[in-house]
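Structural description and commentary
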Amino acid sequence: MIVMRGGWVLLVFVAVFVGVGAATSPMLQITSCEIGMYSREVPNLEACNASIWSYFGMAAGPVLAVPVLVCLMPVFLPGRRVAWLATAALFGLSIVGFFAMVFSSKPGLADLLGFFWPVAFLAVLVTGLAQWVGRHRSGPGHLQRAP
């Protein structure tokens, strides 16, 4: 469990880093303004290059905190089931964010969740590695007879 808990603590920091990166990214990351398609929400090049945080303000904070809180769940409730549920939740949030970004006509807070797909893939790696280490560290599996 120490490997899993340590991995998820690392993922918390990665999620915070990704969230800060998302907040400071320009609006062109979640709109089509970089190709000259301006909208009422992003009317010119200056607004296109403005940070996402400047557009959404404090409302972006709770949305960006959701993946961080999901990553904290396996830290405080260590277990394979919780870790895999958190991994599935991260994938779900990333998919929601991706589809919100692609199919929305205007920028929305759900778009920000699309930035967290690397955290979801790292969660699979951490959880799978921790499960593998735990299985090989504890000796014979529960279905095998000990000699």
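1. Remarks on the environment of proline 107
Here proline 107 is to be found in the loop between α5 (80-103) and α6 (117-137). Residue classification places proline 107 among the buried residues on the basis of a relative accessible area of 8%. Measuring from C-alpha to C-alpha, the distance between proline 107 and methionine 27 comes to 8.4 Å, with 80 residues separating the pair along the chain. Not counting residues within four places of it along the chain, the set of residues in contact with proline 107 comprises Met27, Ile30, Thr31, Glu41, Val42, Tyr55 and Phe56.

2. Let's talk about α5
Relative to the 34 Å expected for 24 residues at 1.5 Å per residue, α5 spans 34 Å between its end C-alpha atoms, a close match to the ideal helical length. For α5, the set of buried residues is Ala83, Ala86, Thr87, Leu90, Leu93, Ser94, Gly97 and Ala100.

3. A short note on the confidence of the model for the protein chain
Considering every residue of the protein chain, the mean pLDDT works out to 85; 89% of them sit at 70 or more. At the level of individual helices and strands, the protein chain shows its lowest average pLDDT in helix α2 (residues 45-49), which scores 82, and its highest in helix α4 (residues 60-76), which scores 94.

4. Thoughts on the environment of lysine 106
Turning to its location among the elements, lysine 106 is positioned in the loop between α5 and α6. For lysine 106, a relative accessible area of 49% puts it in the partly exposed group. The contact partners of lysine 106, leaving out residues within four places of it in the chain, are Glu41 and Asp111.

5. Points about the packing of α4 against α5
Closest axis-to-axis distance for the α4/α5 pair is 8 Å, and the angle between their directions is 165°. Here α4 lies roughly antiparallel to α5, going by the angle between them. The two elements α4 and α5 cross, and the hand of that crossing is left-handed. For the pair α4 and α5, the contacting residues are Val66, Pro67, Val70, Cys71, Met73 and Pro74 in the first and Val82, Ala83, Ala86, Ala89, Leu90 and Leu93 in the second. Counted by class, the contact of α4 with α5 contains 12 nonpolar, no polar and no charged residues.

6. Observations concerning α4
For the α-helix, the turn length of 3.6 residues means that residues three or four positions removed from each other point alike. Across its 17 residues, α4 extends 25 Å between first and last C-alpha, which sits within 8% of the 24 Å expected from 1.5 Å per residue. Considering bend angle alone, the principal kink of α4 is centred on valine 66 and spans about 30°; proline proline 67 follows within four residues of it. Every buried residue belonging to α4 is among Ala60, Val63, Leu64, Pro67, Val68, Val70, Cys71, Pro74 and Val75, and all of these are buried.

Cut-offs used in this document
- Residues numbered from 1 in each chain as written.
- Predicted model: local features only at pLDDT ≥ 70, side-chain atom pairs only at ≥ 80, totals over all residues.
- Heavy atoms only, no water.
- Helix = DSSP H or I, 4+ residues; strand = E, 2+ residues; numbered from the N terminus.
- Buried < 20%, exposed > 50% of the residue type's maximum accessible area, 1.4 Å probe, protein only.
- Contact = heavy atoms within 4.5 Å.
- Expected span 1.5 Å × (residues − 1).
- pLDDT = per-residue confidence, 0-100.
- Axes fitted to C-alpha atoms, helices over the stretch in contact; angles between N-to-C directions.
- Parallel < 35°, antiparallel > 145°, perpendicular 65-115°, else oblique.
- Left-handed = near helix turned anticlockwise from the far one by under 90°.
- Nonpolar A, V, L, I, M, F, W, Y, C, P; charged D, E, K, R; others polar.
- Bend = angle between axes of the 7 residues up to and from the residue.

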